[in-house]
Amino acid sequence: MNRPPDRGRGRANTSRGRGKPKVTQADIEAYLKGHKLQFPSLQDAALASTPLSLKEVVQSEEVFKSLETTETIMILEYQDEQFKNDPWEIKSRYLDTMSYPVPEGKYRYIYEAMLSEFGSVEFRHTYESKIGQKSPISYSKAIIKMVIPIHKCGIHPQQSKTLSIKAENGIPVHYNYWDYIEAWTKAFYYQNQRRKHSWFLKICPNLVGQQELPNWFYMWWCKFGTRSDYLIPEVQKELEFFTNHHPQLQETNTSEGKSFLFIIMTFGIPWIWKWDIQFGNNKFGFPVLQRTFQYRWWKGINLNQTLAKIKAATQELKLQLKRKEQSSKKNPFLEISAQIKAKNPSLTDDELVIKTMDYMKNQFLQSVQGTHIADDESMTSAKSNEEDNNPFTCLAGESQDPYEDDGTTPAPTLGDFWDSMTEMMAEQLSSRKGKEKNQ
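Residues numbered from 1 in each chain as written. Predicted model: local features only at pLDDT ≥ 70, side-chain atom pairs only at ≥ 80, totals over all residues. Heavy atoms only, no water.

A. Molecular detail of the environment of methionine 421. For methionine 421, the location among the structural elements is in helix α12 (residues 414-438). For methionine 421, a relative accessible area of 35% puts it in the partly exposed group. For the pair methionine 421 and methionine 357, spaced 64 residues apart in sequence, the C-alpha separation works out to 8.9 Å. (Helix = DSSP H or I, 4+ residues; strand = E, 2+ residues; numbered from the N terminus. Buried < 20%, exposed > 50% of the residue type's maximum accessible area, 1.4 Å probe, protein only.)

Written out as C-alpha coordinates, the structure reads:
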(Lines give C-alpha, C1' and ligand atoms only; values in the text may rest on other atoms or scores of the structure.)
Protein backbone atom coordinates (compact mmCIF):
# COMPACT_ATOMS: atom_id res chain seq x y z
CA MET A 1 0.00 0.00 0.00
CA ASN A 2 1.26 3.48 -0.86
CA ARG A 3 1.66 5.57 2.21
CA PRO A 4 -0.58 8.62 2.40
CA PRO A 5 1.08 12.03 2.15
CA ASP A 6 3.32 12.74 5.14
CA ARG A 7 2.82 16.05 6.79
CA GLY A 8 6.46 17.07 6.77
CA ARG A 9 8.23 14.28 8.64
CA GLY A 10 11.96 14.30 7.96
CA ARG A 11 11.95 17.78 6.44
CA ALA A 12 13.96 20.73 7.63
CA ASN A 13 10.93 22.79 8.54
CA THR A 14 9.39 20.05 10.66
CA SER A 15 8.90 20.44 14.39
CA ARG A 16 9.80 17.48 16.54
CA GLY A 17 7.42 15.04 18.16
CA ARG A 18 4.19 15.18 16.15
CA GLY A 19 5.68 16.03 12.76
CA LYS A 20 3.61 19.18 12.14
CA PRO A 21 5.14 21.51 9.51
CA LYS A 22 6.06 24.93 10.83
CA VAL A 23 4.46 27.54 8.58
CA THR A 24 5.79 31.10 8.80
CA GLN A 25 3.97 34.29 7.88
CA ALA A 26 6.26 34.58 4.85
CA ASP A 27 5.19 31.09 3.71
CA ILE A 28 1.55 32.10 3.99
CA GLU A 29 1.97 35.31 2.04
CA ALA A 30 3.94 33.51 -0.67
CA TYR A 31 1.26 30.86 -0.96
CA LEU A 32 -1.55 33.37 -1.17
CA LYS A 33 0.33 35.42 -3.75
CA GLY A 34 1.03 32.41 -5.93
CA HIS A 35 -2.46 30.90 -5.79
CA LYS A 36 -4.57 34.08 -5.87
CA LEU A 37 -7.38 32.49 -3.90
CA GLN A 38 -10.70 34.25 -4.05
CA PHE A 39 -12.85 32.00 -1.94
CA PRO A 40 -12.56 31.88 1.86
CA SER A 41 -13.21 28.14 2.04
CA LEU A 42 -9.78 27.39 0.56
CA GLN A 43 -7.73 29.71 2.74
CA ASP A 44 -6.98 27.06 5.34
CA ALA A 45 -4.99 25.24 2.64
CA ALA A 46 -2.11 27.62 3.43
CA LEU A 47 -2.19 26.97 7.16
CA ALA A 48 -1.20 23.98 9.22
CA SER A 49 -3.49 22.78 11.99
CA THR A 50 -2.60 24.47 15.28
CA PRO A 51 -3.04 22.07 18.22
CA LEU A 52 -5.55 23.24 20.80
CA SER A 53 -4.53 23.36 24.41
CA LEU A 54 -6.39 21.13 26.86
CA LYS A 55 -7.91 24.21 28.47
CA GLU A 56 -9.28 25.43 25.12
CA VAL A 57 -10.76 22.01 24.35
CA VAL A 58 -12.49 21.74 27.74
CA GLN A 59 -13.91 25.25 27.50
CA SER A 60 -15.21 24.54 24.01
CA GLU A 61 -16.89 21.28 24.99
CA GLU A 62 -18.59 22.80 28.03
CA VAL A 63 -20.95 24.95 25.96
CA PHE A 64 -21.73 22.52 23.12
CA LYS A 65 -23.94 19.43 23.21
CA SER A 66 -23.24 16.48 20.91
CA LEU A 67 -25.67 14.96 18.44
CA GLU A 68 -25.97 11.19 18.48
CA THR A 69 -25.50 11.16 14.70
CA THR A 70 -22.06 10.60 13.16
CA GLU A 71 -20.84 10.53 9.57
CA THR A 72 -18.16 8.28 8.12
CA ILE A 73 -15.60 10.40 6.29
CA MET A 74 -13.49 7.46 5.13
CA ILE A 75 -12.59 3.87 5.95
CA LEU A 76 -9.08 3.56 7.41
CA GLU A 77 -6.42 0.87 7.44
CA TYR A 78 -5.38 -0.95 10.61
CA GLN A 79 -1.97 0.76 10.64
CA ASP A 80 -3.81 4.08 11.08
CA GLU A 81 -4.81 2.99 14.58
CA GLN A 82 -1.45 4.29 15.86
CA PHE A 83 -2.88 7.79 15.36
CA LYS A 84 -6.33 7.09 16.83
CA ASN A 85 -5.75 9.59 19.64
CA ASP A 86 -5.09 12.31 17.06
CA PRO A 87 -7.81 11.97 14.38
CA TRP A 88 -6.88 15.35 12.87
CA GLU A 89 -3.45 13.93 12.08
CA ILE A 90 -5.13 11.06 10.21
CA LYS A 91 -7.27 13.52 8.27
CA SER A 92 -4.19 15.59 7.36
CA ARG A 93 -2.27 12.53 6.15
CA TYR A 94 -5.05 11.46 3.76
CA LEU A 95 -6.99 14.64 2.93
CA ASP A 96 -4.35 17.32 3.51
CA THR A 97 -6.32 20.50 4.29
CA MET A 98 -9.63 19.34 2.82
CA SER A 99 -12.52 18.38 5.10
CA TYR A 100 -13.80 15.56 2.88
CA PRO A 101 -12.57 13.52 -0.12
CA VAL A 102 -12.94 16.13 -2.87
CA PRO A 103 -14.34 15.08 -6.27
CA GLU A 104 -12.59 16.74 -9.19
CA GLY A 105 -13.13 20.49 -8.88
CA LYS A 106 -15.92 20.21 -6.27
CA TYR A 107 -14.35 22.23 -3.45
CA ARG A 108 -16.39 23.57 -0.55
CA TYR A 109 -16.86 27.03 -2.07
CA ILE A 110 -18.39 25.41 -5.17
CA TYR A 111 -21.12 23.79 -3.08
CA GLU A 112 -21.71 27.07 -1.28
CA ALA A 113 -22.18 28.79 -4.64
CA MET A 114 -24.75 26.16 -5.67
CA LEU A 115 -26.94 26.85 -2.63
CA SER A 116 -26.61 30.59 -3.19
CA GLU A 117 -27.59 30.40 -6.87
CA PHE A 118 -30.65 28.30 -6.07
CA GLY A 119 -31.68 30.97 -3.54
CA SER A 120 -31.71 28.30 -0.84
CA VAL A 121 -29.16 29.72 1.60
CA GLU A 122 -27.73 33.17 2.28
CA PHE A 123 -24.12 32.97 3.51
CA ARG A 124 -22.13 35.55 5.45
CA HIS A 125 -18.56 35.07 6.72
CA THR A 126 -16.63 36.93 9.41
CA TYR A 127 -12.86 36.88 8.92
CA GLU A 128 -10.07 36.90 11.46
CA SER A 129 -8.32 39.98 10.05
CA LYS A 130 -8.93 42.97 7.82
CA ILE A 131 -7.48 41.37 4.71
CA GLY A 132 -10.90 39.78 4.23
CA GLN A 133 -11.13 36.77 1.99
CA LYS A 134 -7.39 36.17 2.27
CA SER A 135 -7.87 35.60 5.98
CA PRO A 136 -9.24 32.50 7.73
CA ILE A 137 -12.90 32.64 8.74
CA SER A 138 -13.69 32.99 12.44
CA TYR A 139 -17.38 32.14 12.16
CA SER A 140 -20.13 32.06 9.55
CA LYS A 141 -23.85 32.70 9.25
CA ALA A 142 -26.27 30.75 7.06
CA ILE A 143 -29.92 31.79 6.66
CA ILE A 144 -31.95 28.95 5.12
CA LYS A 145 -34.64 30.42 2.88
CA MET A 146 -35.74 27.66 0.53
CA VAL A 147 -35.54 23.87 0.21
CA ILE A 148 -36.22 22.69 -3.32
CA PRO A 149 -37.83 19.23 -3.75
CA ILE A 150 -36.88 17.15 -6.76
CA HIS A 151 -40.10 17.84 -8.71
CA LYS A 152 -39.54 21.62 -8.47
CA CYS A 153 -35.84 21.85 -9.34
CA GLY A 154 -36.62 22.97 -12.90
CA ILE A 155 -34.47 20.36 -14.64
CA HIS A 156 -34.36 16.59 -14.92
CA PRO A 157 -32.33 15.16 -11.99
CA GLN A 158 -29.73 13.77 -14.41
CA GLN A 159 -29.41 16.95 -16.46
CA SER A 160 -26.75 19.52 -15.58
CA LYS A 161 -26.63 23.28 -15.23
CA THR A 162 -23.53 25.46 -15.35
CA LEU A 163 -22.52 27.36 -12.24
CA SER A 164 -21.97 31.10 -12.65
CA ILE A 165 -18.49 30.87 -11.12
CA LYS A 166 -15.65 28.70 -12.41
CA ALA A 167 -13.22 26.38 -10.71
CA GLU A 168 -9.70 27.53 -9.82
CA ASN A 169 -8.34 26.33 -13.16
CA GLY A 170 -10.99 28.32 -15.05
CA ILE A 171 -12.98 25.26 -16.11
CA PRO A 172 -16.81 25.66 -15.92
CA VAL A 173 -18.50 23.71 -13.13
CA HIS A 174 -21.54 21.62 -14.03
CA TYR A 175 -23.98 20.33 -11.45
CA ASN A 176 -27.33 18.54 -11.20
CA TYR A 177 -29.95 18.00 -8.51
CA TRP A 178 -27.88 15.31 -6.78
CA ASP A 179 -25.05 17.84 -6.44
CA TYR A 180 -27.58 20.26 -4.95
CA ILE A 181 -28.41 17.70 -2.24
CA GLU A 182 -24.70 17.09 -1.67
CA ALA A 183 -24.16 20.83 -1.27
CA TRP A 184 -26.36 20.90 1.81
CA THR A 185 -23.67 19.05 3.72
CA LYS A 186 -20.33 19.87 2.10
CA ALA A 187 -20.93 23.62 1.94
CA PHE A 188 -20.82 23.65 5.75
CA TYR A 189 -17.60 21.67 6.17
CA TYR A 190 -15.27 24.63 6.58
CA GLN A 191 -12.76 24.62 9.43
CA ASN A 192 -10.04 27.14 10.29
CA GLN A 193 -6.54 26.28 11.42
CA ARG A 194 -7.42 26.60 15.11
CA ARG A 195 -10.46 24.35 14.73
CA LYS A 196 -12.58 27.04 16.38
CA HIS A 197 -14.94 27.83 13.50
CA SER A 198 -18.69 27.63 14.11
CA TRP A 199 -21.90 28.34 12.21
CA PHE A 200 -24.92 30.47 13.09
CA LEU A 201 -27.86 28.64 11.48
CA LYS A 202 -31.45 29.80 11.11
CA ILE A 203 -34.42 28.54 9.08
CA CYS A 204 -36.83 31.22 7.88
CA PRO A 205 -40.40 30.79 9.19
CA ASN A 206 -41.77 31.16 5.63
CA LEU A 207 -40.82 27.51 5.02
CA VAL A 208 -43.67 26.46 7.32
CA GLY A 209 -46.83 25.68 5.41
CA GLN A 210 -45.18 25.64 1.99
CA GLN A 211 -44.64 22.34 0.23
CA GLU A 212 -43.82 19.17 2.16
CA LEU A 213 -40.11 19.13 2.89
CA PRO A 214 -38.20 16.32 1.11
CA ASN A 215 -37.05 13.44 3.30
CA TRP A 216 -33.40 14.12 2.57
CA PHE A 217 -33.78 17.47 4.34
CA TYR A 218 -34.92 15.68 7.50
CA MET A 219 -31.77 13.59 7.20
CA TRP A 220 -29.82 16.85 6.93
CA TRP A 221 -31.51 18.04 10.14
CA CYS A 222 -30.24 14.94 11.96
CA LYS A 223 -26.66 16.18 11.40
CA PHE A 224 -26.97 19.93 11.24
CA GLY A 225 -29.94 20.56 13.51
CA THR A 226 -30.38 20.68 17.23
CA ARG A 227 -32.44 19.01 19.94
CA SER A 228 -34.94 20.38 22.43
CA ASP A 229 -32.46 20.18 25.32
CA TYR A 230 -30.59 23.19 23.96
CA LEU A 231 -33.49 25.54 24.72
CA ILE A 232 -33.17 27.70 27.80
CA PRO A 233 -35.82 27.15 30.54
CA GLU A 234 -37.79 30.32 29.74
CA VAL A 235 -38.37 29.22 26.15
CA GLN A 236 -39.10 25.60 27.09
CA LYS A 237 -41.80 26.72 29.52
CA GLU A 238 -43.42 29.05 27.01
CA LEU A 239 -43.45 26.33 24.33
CA GLU A 240 -45.06 23.69 26.55
CA PHE A 241 -48.71 24.27 25.54
CA PHE A 242 -47.87 24.79 21.85
CA THR A 243 -45.84 21.57 21.74
CA ASN A 244 -48.47 19.48 23.49
CA HIS A 245 -51.52 20.72 21.57
CA HIS A 246 -50.58 21.79 18.05
CA PRO A 247 -52.37 19.40 15.62
CA GLN A 248 -49.31 18.89 13.40
CA LEU A 249 -47.24 17.84 16.41
CA GLN A 250 -49.84 15.28 17.50
CA GLU A 251 -49.71 13.18 14.33
CA THR A 252 -48.67 9.60 15.09
CA ASN A 253 -46.20 9.46 12.19
CA THR A 254 -44.28 12.57 13.30
CA SER A 255 -40.93 11.78 14.90
CA GLU A 256 -39.46 13.82 17.73
CA GLY A 257 -36.84 15.27 15.39
CA LYS A 258 -39.42 16.38 12.81
CA SER A 259 -41.59 17.88 15.55
CA PHE A 260 -38.76 19.99 16.91
CA LEU A 261 -37.77 21.07 13.40
CA PHE A 262 -41.34 22.34 12.96
CA ILE A 263 -41.01 24.39 16.17
CA ILE A 264 -37.62 25.82 15.16
CA MET A 265 -38.98 26.83 11.73
CA THR A 266 -42.23 28.27 13.10
CA PHE A 267 -40.51 30.69 15.46
CA GLY A 268 -37.25 31.18 13.55
CA ILE A 269 -35.12 30.16 16.54
CA PRO A 270 -31.43 30.07 15.54
CA TRP A 271 -28.70 27.80 16.90
CA ILE A 272 -24.91 27.55 16.87
CA TRP A 273 -23.41 24.48 15.19
CA LYS A 274 -19.97 23.05 14.55
CA TRP A 275 -18.34 19.77 13.57
CA ASP A 276 -15.35 17.77 14.75
CA ILE A 277 -13.77 14.43 13.89
CA GLN A 278 -12.98 11.27 15.82
CA PHE A 279 -11.50 7.83 15.31
CA GLY A 280 -14.03 5.01 15.50
CA ASN A 281 -15.15 1.64 14.17
CA ASN A 282 -18.11 0.95 11.93
CA LYS A 283 -20.66 -1.82 12.53
CA PHE A 284 -18.41 -4.26 10.68
CA GLY A 285 -15.49 -3.54 12.99
CA PHE A 286 -13.36 -1.64 10.46
CA PRO A 287 -11.56 1.52 11.62
CA VAL A 288 -13.09 4.69 10.25
CA LEU A 289 -12.63 8.43 10.47
CA GLN A 290 -15.91 9.92 11.64
CA ARG A 291 -17.40 13.39 11.68
CA THR A 292 -19.28 14.43 14.80
CA PHE A 293 -21.71 17.33 15.26
CA GLN A 294 -22.32 19.71 18.16
CA TYR A 295 -24.84 22.46 18.88
CA ARG A 296 -25.65 25.07 21.49
CA TRP A 297 -27.97 27.96 22.26
CA TRP A 298 -27.21 31.34 20.67
CA LYS A 299 -26.76 33.82 23.50
CA GLY A 300 -27.32 36.83 21.26
CA ILE A 301 -30.99 36.04 20.59
CA ASN A 302 -33.62 38.71 21.32
CA LEU A 303 -35.29 36.72 24.08
CA ASN A 304 -38.21 39.09 24.68
CA GLN A 305 -39.11 39.11 20.99
CA THR A 306 -38.91 35.30 20.78
CA LEU A 307 -41.10 34.83 23.88
CA ALA A 308 -43.63 37.30 22.48
CA LYS A 309 -43.87 35.31 19.23
CA ILE A 310 -44.46 32.09 21.15
CA LYS A 311 -47.10 33.70 23.38
CA ALA A 312 -48.97 35.10 20.39
CA ALA A 313 -48.92 31.73 18.58
CA THR A 314 -50.06 29.96 21.75
CA GLN A 315 -53.02 32.32 22.20
CA GLU A 316 -54.04 31.84 18.57
CA LEU A 317 -53.79 28.06 18.98
CA LYS A 318 -55.98 28.16 22.09
CA LEU A 319 -58.64 30.13 20.18
CA GLN A 320 -58.53 27.64 17.30
CA LEU A 321 -58.90 24.69 19.65
CA LYS A 322 -61.81 26.39 21.44
CA ARG A 323 -63.61 27.08 18.15
CA LYS A 324 -63.01 23.50 17.05
CA GLU A 325 -64.39 22.17 20.34
CA GLN A 326 -67.52 24.30 20.05
CA SER A 327 -67.98 23.21 16.45
CA SER A 328 -67.57 19.53 17.28
CA LYS A 329 -70.26 19.75 19.97
CA LYS A 330 -72.74 20.96 17.36
CA ASN A 331 -71.61 18.44 14.75
CA PRO A 332 -72.44 14.80 15.60
CA PHE A 333 -70.09 13.51 12.92
CA LEU A 334 -67.07 15.37 14.33
CA GLU A 335 -67.97 14.41 17.88
CA ILE A 336 -68.28 10.70 17.04
CA SER A 337 -65.15 10.89 14.89
CA ALA A 338 -63.17 12.37 17.78
CA GLN A 339 -64.34 9.60 20.12
CA ILE A 340 -63.34 6.87 17.64
CA LYS A 341 -59.98 8.57 17.02
CA ALA A 342 -59.29 8.68 20.75
CA LYS A 343 -59.83 4.91 21.00
CA ASN A 344 -57.97 4.14 17.77
CA PRO A 345 -55.23 6.80 17.35
CA SER A 346 -53.48 4.89 14.55
CA LEU A 347 -56.43 5.20 12.13
CA THR A 348 -55.82 7.06 8.89
CA ASP A 349 -58.25 9.79 7.79
CA ASP A 350 -59.92 7.45 5.28
CA GLU A 351 -60.34 4.70 7.86
CA LEU A 352 -61.71 7.19 10.38
CA VAL A 353 -64.40 8.39 7.94
CA ILE A 354 -65.51 4.82 7.19
CA LYS A 355 -65.66 3.80 10.86
CA THR A 356 -67.56 6.95 11.80
CA MET A 357 -70.10 6.46 9.00
CA ASP A 358 -70.55 2.78 9.92
CA TYR A 359 -71.24 3.71 13.53
CA MET A 360 -73.79 6.37 12.53
CA LYS A 361 -75.39 3.93 10.07
CA ASN A 362 -75.96 1.31 12.78
CA GLN A 363 -77.37 3.91 15.18
CA PHE A 364 -79.71 5.26 12.53
CA LEU A 365 -80.99 1.87 11.36
CA GLN A 366 -81.63 0.75 14.94
CA SER A 367 -83.68 3.87 15.62
CA VAL A 368 -85.91 3.41 12.56
CA GLN A 369 -85.93 -0.40 12.34
CA GLY A 370 -89.52 -0.88 13.50
CA THR A 371 -90.95 1.85 11.30
CA HIS A 372 -88.80 0.73 8.38
CA ILE A 373 -90.08 -2.88 8.53
CA ALA A 374 -93.71 -1.82 8.89
CA ASP A 375 -93.45 0.53 5.94
CA ASP A 376 -91.86 -2.20 3.81
CA GLU A 377 -94.67 -4.68 4.62
CA SER A 378 -97.42 -2.15 3.94
CA MET A 379 -95.82 -1.11 0.65
CA THR A 380 -95.46 -4.75 -0.44
CA SER A 381 -99.13 -5.52 0.42
CA ALA A 382 -100.40 -2.45 -1.40
CA LYS A 383 -98.36 -3.31 -4.45
CA SER A 384 -99.71 -6.90 -4.48
CA ASN A 385 -103.37 -5.79 -4.31
CA GLU A 386 -102.77 -3.22 -7.03
CA GLU A 387 -101.29 -5.82 -9.36
CA ASP A 388 -104.17 -8.27 -8.74
CA ASN A 389 -106.78 -5.67 -9.69
CA ASN A 390 -104.86 -4.38 -12.76
CA PRO A 391 -106.22 -5.91 -15.99
CA PHE A 392 -103.10 -4.96 -17.85
CA THR A 393 -100.81 -6.98 -15.62
CA CYS A 394 -98.72 -9.24 -17.88
CA LEU A 395 -99.17 -12.97 -17.49
CA ALA A 396 -96.29 -15.42 -17.64
CA GLY A 397 -95.07 -15.91 -21.20
CA GLU A 398 -96.73 -12.74 -22.50
CA SER A 399 -94.76 -9.97 -24.16
CA GLN A 400 -92.58 -8.05 -21.73
CA ASP A 401 -89.52 -5.80 -21.99
CA PRO A 402 -86.56 -8.08 -21.22
CA TYR A 403 -84.77 -5.17 -19.50
CA GLU A 404 -87.68 -4.26 -17.29
CA ASP A 405 -87.38 -5.09 -13.58
CA ASP A 406 -89.63 -8.07 -12.97
CA GLY A 407 -89.70 -7.52 -9.22
CA THR A 408 -87.32 -10.34 -8.39
CA THR A 409 -84.34 -7.95 -7.82
CA PRO A 410 -84.43 -6.73 -4.21
CA ALA A 411 -84.91 -2.99 -3.85
CA PRO A 412 -82.00 -1.08 -2.30
CA THR A 413 -82.34 -0.57 1.42
CA LEU A 414 -81.44 2.43 3.55
CA GLY A 415 -78.25 0.60 4.48
CA ASP A 416 -77.28 0.31 0.80
CA PHE A 417 -77.78 4.03 0.30
CA TRP A 418 -75.70 4.77 3.40
CA ASP A 419 -72.85 2.51 2.22
CA SER A 420 -72.80 4.25 -1.15
CA MET A 421 -72.61 7.63 0.55
CA THR A 422 -69.71 6.38 2.73
CA GLU A 423 -67.78 5.17 -0.33
CA MET A 424 -68.36 8.48 -2.08
CA MET A 425 -67.05 10.47 0.91
CA ALA A 426 -63.94 8.28 1.17
CA GLU A 427 -63.24 8.68 -2.56
CA GLN A 428 -63.61 12.46 -2.38
CA LEU A 429 -61.27 12.61 0.62
CA SER A 430 -58.62 10.53 -1.18
CA SER A 431 -58.98 12.64 -4.32
CA ARG A 432 -58.57 15.89 -2.38
CA LYS A 433 -55.47 14.54 -0.60
CA GLY A 434 -53.95 13.52 -3.92
CA LYS A 435 -54.44 16.99 -5.38
CA GLU A 436 -52.93 18.67 -2.28
CA LYS A 437 -49.91 16.36 -2.45
CA ASN A 438 -49.29 17.18 -6.12
CA GLN A 439 -49.48 20.94 -5.58
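Read on, since the account is not over.
B. Expanded view of the pairing of strand β6 (residues 198-203). Counted residue by residue, β6 has 5 buried out of 6 residues, so it is predominantly covered. Two strands pair when backbone bridges link them, and strand β3 (residues 137-144) and β6 are joined in this way by 6 bridges, in the parallel orientation. Residue pairing across strands places isoleucine 143 opposite lysine 202, the latter belonging to β6. In this sheet, strand β7 (residues 271-281) lies alongside β6 in antiparallel orientation, the contact comprising 3 bridges. Its bridge partner lying in β7, leucine 201 is registered against tryptophan 271. (Pairing = 2+ DSSP bridges.)

C. Broad picture of the sheet that holds strand β2 (residues 121-127). The sheet built from 6 strands is open, its strands ordered β1-β8-β7-β6-β3-β2 with mixed pairing. A strand with exactly one partner marks an edge of an open sheet, and here the two such strands are β1 (65-75) and β2. Geometrically, the sheet is characterised by an average inter-axis angle of 25 degrees between neighbouring strands, direction not taken into account. Note that β2 and β3 share 7 bridges and pair antiparallel. Bridge pairing links tyrosine 127 to isoleucine 137 in β3. Each of β1, β3, β6, β7 and β8 (287-296) is contacted by helix α6 (residues 215-224), which is oriented at about 105 degrees to β1, the strand it contacts most. (Axes fitted to C-alpha atoms, helices over the stretch in contact; angles between N-to-C directions. Contact = heavy atoms within 4.5 Å.)

D. The arrangement of the packing of helix α4 (residues 108-117) against helix α5 (residues 177-186) in detail. The geometry of α4 relative to α5 is characterised by a closest axis approach of 8 Å and an angle of 115 degrees between their N-to-C directions. In this structure, the crossing between α4 and α5 has a hand that is left-handed. Residue-level inspection shows Arg108, Tyr111, Met114 and Leu115 of α4 in contact with α5, the latter providing Asp179, Tyr180, Glu182, Ala183, Trp184 and Lys186. Of the residues that constitute the contact of α4 with α5, the class distribution is 6 nonpolar, no polar and 4 charged. (Left-handed = near helix turned anticlockwise from the far one by under 90°. Nonpolar A, V, L, I, M, F, W, Y, C, P; charged D, E, K, R; others polar.)

E. Looking closely at the pairing of β8. Most of β8 is tucked away, with 9 of its 10 residues classed as buried. Where β7 lies against β8, 10 bridges are found, and the strand directions are antiparallel. Considered in β8, the bridge of glutamine 278 is made with glutamine 290. Turn length for the β7-β8 hairpin, with the two strands adjacent in sequence and antiparallel, is 5 residues, and the turn residue glycine 285 shows positive phi of about 90 degrees.

F. Structural detail: the nonpolar core. By size, the foremost hydrophobic cluster in this structure holds 73 residues, and its most contacted members are Trp184, Phe188, Trp271 and Trp273. Broken down by element, this core gets its largest block of residues, 7 residues, from helix α8 (residues 256-267). With near-sequence residues (within four places) excluded, tryptophan 184 lies in contact with Leu115, Ser120, Val121, Ile144, Met146, Val147, Trp216, Phe217, Trp220 and Phe224. Residues Phe64, Ile143, Cys204 and Ile272 belong to the second largest nonpolar core, which totals 5 residues. (Core = buried A, V, L, I, M, F, W, Y, C linked by side-chain atoms within 4.5 Å.)

G. Main features of a nonpolar patch on the surface. On the surface, a cluster of nonpolar side chains totalling about 490 Å² of accessible area is made up of Ile75, Tyr78, Phe284 and Phe286. For phenylalanine 286, the position within the fold is in the loop between β7 and β8. (Patch = residues over 30% accessible without salt bridge, like charges linked within 9 Å, V, L, I, M, F, W, Y side chains within 5 Å. Areas by Shrake-Rupley, 256 points an atom, 1.4 Å probe, with all protein chains shown as cover. Salt bridge = Lys/Arg side-chain N within 4 Å of Asp/Glu carboxyl O.)

H. The side chain of threonine 185, seen in detail. Tracing the backbone through its elements, the reader meets threonine 185 in helix α5. Among the residues examined, threonine 185 registers a relative accessible area of 16% and is labelled buried.

I. Representation of α5. The buried fraction of α5 is high, at 7 of 10 residues. For α5, the complete set of buried residues consists of Tyr177, Asp179, Tyr180, Ala183, Trp184, Thr185 and Lys186. Against the buried residues of α5 lie α4, β2, β3, β5 (172-175) and α6. Capping the start of α5, asparagine 176 holds a side-chain oxygen 3.0 Å from the backbone nitrogen of tryptophan 178, two or three residues further along. (Polar contact = N/O pair within 3.5 Å; in protein donor to acceptor, adjacent residues only side chain to side chain.)

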